[in-house]
Amino acid sequence: MRIDGTVDRLLMLMAELNDRGESRLPAERILASQLGVARGTLRKALEWLQSEGIVERRVGRNGGTLVRQEHPAMQLGGLDPHASLKVHRQLHRIQGIPALLGEQGIRSTTRVLRTEERGANTTETATLGLSRGARVPGHPAPSPGEFRAALA
């Protein structure tokens, strides 16, 4: 839970930096002190943000943690950039995800990353009553690169 709160606070800080036209986060030591968290907690939060493609971490003289301005989390459109990026819902009514997100000002879209057709395996042929060699849709998982490209 501590990391979730740290991520939320980092996202708010990044929105403030974005408003000022800046993209570099302070050094870890300073940032941990500002947020009132241990450096280990901060590092885990930054690692998560990096894995999501929201920040880029560089080593060396021009190193540091840079906010990737092109990431959708940094281009919130009509959303308040200082608000938490959490979706809230009422538990007493059934509602679809697109409608739920739309009520909160978030535009949801879908995009097919890749499709594939393949020959049915033995189990599919027997279970579905297909002829041998019948073509069926395959569902390959997108590569991490394809997934990141789709988010951009």
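Cut-offs applied
Residues numbered from 1 in each chain as written. Predicted model: local features only at pLDDT ≥ 70, side-chain atom pairs only at ≥ 80, totals over all residues. Heavy atoms only, no water. Helix = DSSP H or I, 4+ residues; strand = E, 2+ residues; numbered from the N terminus. Contact = heavy atoms within 4.5 Å. Areas by Shrake-Rupley, 256 points an atom, 1.4 Å probe, with all protein chains shown as cover. Salt bridge = Lys/Arg side-chain N within 4 Å of Asp/Glu carboxyl O. Buried < 20%, exposed > 50% of the residue type's maximum accessible area, 1.4 Å probe, protein only. Core = buried A, V, L, I, M, F, W, Y, C linked by side-chain atoms within 4.5 Å. Axes fitted to C-alpha atoms, helices over the stretch in contact; angles between N-to-C directions. Parallel < 35°, antiparallel > 145°, perpendicular 65-115°, else oblique. Nonpolar A, V, L, I, M, F, W, Y, C, P; charged D, E, K, R; others polar. pLDDT = per-residue confidence, 0-100.

Asker: So what about the overall build of the protein chain? Which residues, and what values?
Answerer: Per the secondary structure count, the protein chain includes six helices and four strands. When its helices and strands are written in sequence order, the protein chain yields α-α-α-β-β-α-β-α-β-α. Across the protein chain, every contact between residues at least 6 apart in sequence was considered, and the portion connecting residues at least 24 apart equals 44%. With an accessible surface of roughly 10800 Å², the protein chain has 53% of that area assigned to carbon and sulfur atoms.

Asker: I'd like to hear about the pattern of salt bridges, residue by residue, with values.
Answerer: Tallied over the full model, the rule gives seven salt bridges. We note a salt bridge from Glu28 to Arg43, for which the minimum N-O separation is 2.7 Å. Remark: Arg43 occurs in helix α3 (residues 39-51) and Glu28 occurs in helix α2 (residues 28-35); sequence separation between them is 15 residues. Of the residues examined, Arg43 reaches a relative accessible area of 36% and is grouped as partly exposed. Linking Glu117 and Arg135 is a salt bridge whose minimum nitrogen-to-oxygen distance equals 3.4 Å. Residue Glu117 is found in strand β3 (residues 116-119), and its partner Arg135 is found in strand β4 (residues 135-138); the two are separated by 18 residues along the sequence.

Asker: Explain the nonpolar core residue by residue, including any values.
Answerer: Counting residues in hydrophobic clusters, the biggest one holds 18 residues, and the most contacted among them are Leu10, Met14, Leu25, Leu31, Leu42 and Leu49. Taken together, the elements giving at least two residues each to this core come down to α1 (2-19), α2 and α3.

Asker: Could you give an account of the packing of α2 against α3, naming the residues involved and the relevant values?
Answerer: Contact pair α2 / α3: the axes reach a minimum separation of 9 Å and the direction vectors enclose 105°. Accordingly, the angle class assigned to the pair α2 and α3 is roughly perpendicular. Contacts between α2 and α3 involve Glu28, Arg29, Leu31, Ala32 and Leu35 from the first element and Arg39, Leu42, Arg43 and Leu46 from the second. Split into classes, the residues belonging to the contact of α2 with α3 amount to five nonpolar, no polar and four charged.

Asker: Would you mind going over the confidence of the model for the protein chain in detail, with residue names and values included?
Answerer: Summarising the model, the protein chain shows a mean pLDDT of 78, and 77% of its residues fall at 70 or more. Considering each helix and strand of the protein chain separately, the mean pLDDT is smallest for helix α6 (residues 144-151), with a value of 65, and largest for α2, with 92. Low confidence marks residues 77-83, where pLDDT is under 50. Its contacts with residues over four positions away, or in another chain, come to nine contacts.

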